[in-house]
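Structural characterization, general
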Amino acid sequence: MDSLLAKEILLRYRPGTTDTSDPEFAEALDQAKRDPELGRWFAQNQAFQSTIRARFKQLPVPAGLKEDILAGYRAPASPVWWQQPAFQAFAAAAAILLFIGLTLFWSQPREGRSFAAFQSRVVRNAQRGYAMEITTTNLGEIRQYLASQGAQADYVLPAPLEKLPGDGGAVLRWRNKTVSMVCFDLGDHNDLYLFVANRADLPGAPSTSDPKFTKIGNLTAASWSAGNRTYVLAGPGDEQFVGQYLSP
């Protein structure tokens, strides 16, 4: 994992939650330890998050707010709620925090749109399991379904993949762009996942048809580009195992 992808992942990290047991966050945290610049940014980001949490805890809570909400109580002679000093103080503090948060958000680089981020996300999600929109062993039916949904259906499959039975397919979304997923059945409850996206939608996508292999979690991913399409094939085993399905 490179530092740009690790930074995109760590933007979502929250200490003291189940994030600490997620392999994706663990890998990003290890990268932060290896890269001093990323480590400094991460420390600053965590300090900011701690400040935000502390400020929210300091916001005044109007007396009896919980009881009023539960009982639906509305005092007939009381001033309108937005004129109450407690609410005005709360609104002012919230506005300041919102401004700080937006400033931080817009100052962050948009590396999350990169090919590396895309590949990591779709492959890691494959390890959790995708819901198939169409379930069939017929690869032609999967292609027809993807075409009917306006997704990429003009993909070219390597010969070994053409010989495998399908398992299903689905249309995914990445940054509001469509991505086609084709699942191949390897037997014994094992699958190969092929993701097809528009090359122009993925900054940093492979520039050649020669596959590049990357180990992501428990799967090995091979990525390449052909024409205006970028492909990611993910499956169990090592580079040699996945590579056999890409040979001419």
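Residues numbered from 1 in each chain as written. Predicted model: local features only at pLDDT ≥ 70, side-chain atom pairs only at ≥ 80, totals over all residues. Heavy atoms only, no water.

Let's talk about the overall build of the protein
Using the following cut-off: Put simply, DSSP H or I for four residues or longer makes a helix, DSSP E for two residues or longer makes a strand, and each gets a number counted from the N terminus. Relative accessibility under 20% of the residue-type maximum defines a buried residue, over 50% an exposed one, and the middle range a partly exposed one, all with a 1.4 Å probe and only protein chains included. Note on contacts: a residue pair qualifies if any of its non-hydrogen atoms lie within 4.5 Å across the two residues. Only the protein chains shown count as cover for residues, and the accessible areas themselves come from Shrake-Rupley with a 1.4 Å probe.
Check the secondary structure of the protein and you find nine helices and six strands. Here the protein holds 248 residues, and the buried ones make up 39% of them. Taking the contacts inside the protein whose residues are at least 6 apart along the sequence as the reference set, 59% of them involve residues at least 24 apart. Accessible area for the protein stands at about 14,200 Å²; split by element, carbon and sulfur atoms hold 57% of it.

Section: the nonpolar core
What counts, and what does not: Within this scheme, the nonpolar core is defined by two criteria: the residues are buried Ala, Val, Leu, Ile, Met, Phe, Trp, Tyr or Cys, and they are joined through side-chain atoms within 4.5 Å.
With 34 residues, the main nonpolar core has F118, V123, Y130 and F195 as its most contacted residues. Ranked by the residues each element gives to this core, the list is headed by helix α6 (residues 115–128), at six residues. In this structure, Y130 is in contact with R121, V122, N125, L172, M181, Y193 and F195, ignoring residues within four places of it in sequence. Membership of the second largest hydrophobic core comes to 24 residues, among which are I142, A153, W224 and V242.

Focus: the packing of aromatic side chains
We describe a pair of aromatic rings using the distance from one ring centre to the other and the angle between the two ring planes. To be explicit about the condition: Two rings from Phe, Tyr or Trp (for Trp, the six-membered ring) form a pair when their centres are within 6.5 Å of each other. A pair whose planes differ by under 30 degrees is stacked, one over 60 is edge-to-face, and the rest are tilted. For a Lys NZ or an Arg CZ to count as sitting over a ring, it must be within 6 Å of the ring centre and within 35 degrees of the ring normal.
For the coordinates displayed, the defined rule picks out seven aromatic pairs. Aromatic pair F241 and Y245: ring centres 5.7 Å apart, planes at 75 degrees, arrangement edge-to-face. An aromatic cluster is built from F115, F118 and W174, whose rings are joined through pairwise contacts. Stacked on the ring of W174, the Lys or Arg R175 has its end atom at 4.9 Å from the ring centre.

Concerning the side chain of S180
What counts is decided by this rule: Polar contact criterion, stated in full: a pair of N or O atoms within 3.5 Å, where within protein one must be able to donate a hydrogen and the other to accept it, and residues adjacent in sequence count only if both atoms are side-chain atoms.
Mapping S180 onto the fold places it in strand β2 (residues 177–187). At a separation of 2.6 Å, a polar atom in the side chain of S180 contacts the main-chain carbonyl oxygen of Q152. Beyond its immediate chain neighbours, meaning those up to four positions away, S180 contacts L146, A151, Q152, A170, L194, F195 and V196.

Section: the confidence of the model for the protein
Operational definition: On a range of 0 to 100, pLDDT expresses the predictor's confidence in each residue.
Averaged over the protein, the pLDDT score is 82; the fraction of residues at 70 or greater is 79%. Scored below 50 in pLDDT, residues 104–111 makes 11 contacts in the model with residues more than four places away or belonging to other chains.

Some points on the pairing of strand β4 (residues 212–216)
Operational definition: Paired strands, as defined in this entry, are two strands with at least two bridges between them according to DSSP.
Alignment of β4 against strand β5 (residues 219–226), held across five bridges, turns out to be antiparallel. By the bridge assignment, T214 is partnered in β5 with A221.

Description of the packing of helix α2 (residues 23–34) against helix α3 (residues 36–58)
Note the cut-off: Axis definition: a line fit to C-alpha positions, over the contact stretch in the case of helices; interaxial angles, taken between N-to-C directions, run 0 to 180 degrees. Amino acids outside the nonpolar list (Ala, Val, Leu, Ile, Met, Phe, Trp, Tyr, Cys, Pro) and the charged list (Asp, Glu, Lys, Arg) are all regarded as polar, and Gly is one of them.
Where α2 contacts α3, the axes come no closer than 5 Å and their chain directions differ by 115 degrees. Mapping the contact onto sequence places L29, Q31, A32 and R34 in α2 and P36, L38, G39 and F42 in α3. For the contact of α2 with α3, the residue count by class is five nonpolar, two polar and one charged.

Topic: the sheet that holds β2
In a beta sheet, neighbouring strands pair by backbone hydrogen bonds and run either parallel or antiparallel. Strands sit in the order β1-β2-β3-β6-β5-β4 across an open sheet of six strands; the sheet is antiparallel. Both edges of this open sheet fall to β1 (166–174) and β4, since each of them pairs with a single strand only. With strand direction ignored, the average angle separating the axes of adjacent strands in the sheet is 20 degrees. As paired strands, strand β3 (residues 190–198) and strand β6 (residues 229–235) are joined by six bridges and run antiparallel to one another. Of the residues in β6, the one forming a bridge with V196 is Y231. Most of the contacts of α6 go to β5, to which it runs at about 135 degrees, and overall it touches β1, β2, β3, β4, β5 and β6. Across the sheet, helix α7 (residues 139–148) is in contact with β1 and β2; its angle to β1 comes to roughly 20 degrees.

Description of α6
Worth spelling out the cut-off: What a helix is expected to span follows from its residue count: subtract one and scale by 1.5 Å.
Between its first and last C-alpha, α6 extends 20 Å over 14 residues, near the 20 Å set by a 1.5 Å rise per residue. For α6, the full list of buried residues reads F115, A117, F118, Q119, S120, V122, V123, R124 and A126. Where α6 ends, the next residue or the one after it, G129, has phi of about 105 degrees, a positive value.

Some remarks on the environment of W224
Note that W224 resides in strand β5. C-alpha separation for the pair W224 and S207, spaced 17 residues apart in sequence, amounts to 7.2 Å. Beyond its immediate chain neighbours, meaning those up to four positions away, W224 contacts P158, L194, P206, T208, S209, D210, P211, R229, T230, Y231, L233 and L246.

A word on helix α1 (residues 3–10)
For α1, the tally of buried residues reaches six of eight residues, placing the bulk of the element in the interior. Along α1, the residues classified as buried are L5, A6, K7, E8, I9 and L10.

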